[in-house]
Amino acid sequence: MHEEMLSSRDVSCPYCNTEFELLVDASQGNHATWEDCPRCCSPIQVHVSVSPQGELDSVVLGRDDDVF
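Fair warning: this is a prediction, and the values are worked out from it, not measured in the lab.

Cut-offs and rules
Residues numbered from 1 in each chain as written. Predicted model: local features only at pLDDT ≥ 70, side-chain atom pairs only at ≥ 80, totals over all residues. Heavy atoms only, no water. Helix = DSSP H or I, 4+ residues; strand = E, 2+ residues; numbered from the N terminus. Buried < 20%, exposed > 50% of the residue type's maximum accessible area, 1.4 Å probe, protein only. Contact = heavy atoms within 4.5 Å. Areas by Shrake-Rupley, 256 points an atom, 1.4 Å probe, with all protein chains shown as cover. pLDDT = per-residue confidence, 0-100. Pairing = 2+ DSSP bridges. Axes fitted to C-alpha atoms, helices over the stretch in contact; angles between N-to-C directions. Polar contact = N/O pair within 3.5 Å; in protein donor to acceptor, adjacent residues only side chain to side chain.

Here we look at the overall build of the chain
For the chain, the helix and strand inventory stands at zero helices and five strands. Along the chain, from the amino end to the carboxyl end, the secondary structure elements read β-β-β-β-β. Projected onto its principal axes, the C-alpha positions of the chain cover 35 × 25 × 15 Å. The proportion of buried residues among the 68 residues of the chain is 29%. Restricting the contact set of the chain to residue pairs at least 6 apart, pairs at least 24 apart contribute 27%. Put simply, the chain shows about 4,600 Å² of open surface, and 43% of that area lies on carbon and sulfur atoms.

Here's what the structure looks like:
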């Protein structure tokens, strides 16, 4: 992990709507990962898109049964 490639995003849990801060590592390129909601502990899919220049394009969150 490269600390200079970390970005902070304010996001909301797709289950309980709790807002929380999510750290995203753009050095991994496009990737998917999982994060547990800090309030309801539900599993959240996190899909990260990174531009060819290495900049964070988008972060999409979904429920565990969503299809991306």
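After that view, the rundown keeps rolling.
Some remarks on the environment of Phe20
Within the fold, Phe20 resides in strand β2 (residues 19–25). Placed 11 residues apart in sequence, Phe20 and Arg9 show a C-alpha to C-alpha distance of 8.3 Å.

Considering the confidence of the model for the chain
Per-residue confidence for the chain averages 93 on the pLDDT scale, and 94% of its residues sit at or above 70. The least confident element of the chain, judged by mean pLDDT, is strand β1 (residues 6–12) at 94; the most confident is strand β4 (residues 43–50) at 97.

Quick look at the pairing of strand β5 (residues 56–62)
Here is the key point about a regular strand: its side chains alternate between the two faces of the sheet. Strand direction decides the pairing type here: β4 and β5, joined by six bridges, are antiparallel. Counterpart to Val46 in the pairing with β5 is Leu61. Where β4 hands over to β5, the hairpin turn is made up of five residues, of which Gly54 adopts a positive phi near 90°.

Points about the sheet that holds strand β3 (residues 31–36)
Spatial strand order, β3-β4-β5: three strands in an open sheet with antiparallel pairing. Edge strands, defined here as strands with exactly one partner in the open sheet, are β3 and β5. Across this sheet, the average inter-strand angle for adjacent strands is 25°, counted without regard to direction.

Section: the side chain of Ser42
Looking at the secondary structure, you find Ser42 in the loop between β3 and β4. In contact with Ser42, not counting residues within four places along its chain, are Tyr15, Glu35, Asp36 and Cys37.

Looking at the environment of Gln45
Within the element layout of this structure, Gln45 appears in strand β4. The class of Gln45 is buried, set by a relative accessible area of 10%. Setting aside anything within four residues of it in sequence, one finds Gln45 in contact with Thr33, Trp34, Val60, Leu61, Gly62, Arg63, Asp64, Asp65, Asp66 and Phe68. Only 2.8 Å separates the side chain of Gln45 from the backbone oxygen of Arg63, close enough to count as a polar contact.

Considerations on the pairing of β1
Bridge count between β1 and β2: seven bridges; the pairing is antiparallel. Each residue of the ladder has a partner; that of Ser12, found in β2, is Glu19. Hairpin connection of β1 to β2: six residues between the antiparallel strands, including Asn17 at a positive phi of 70°.

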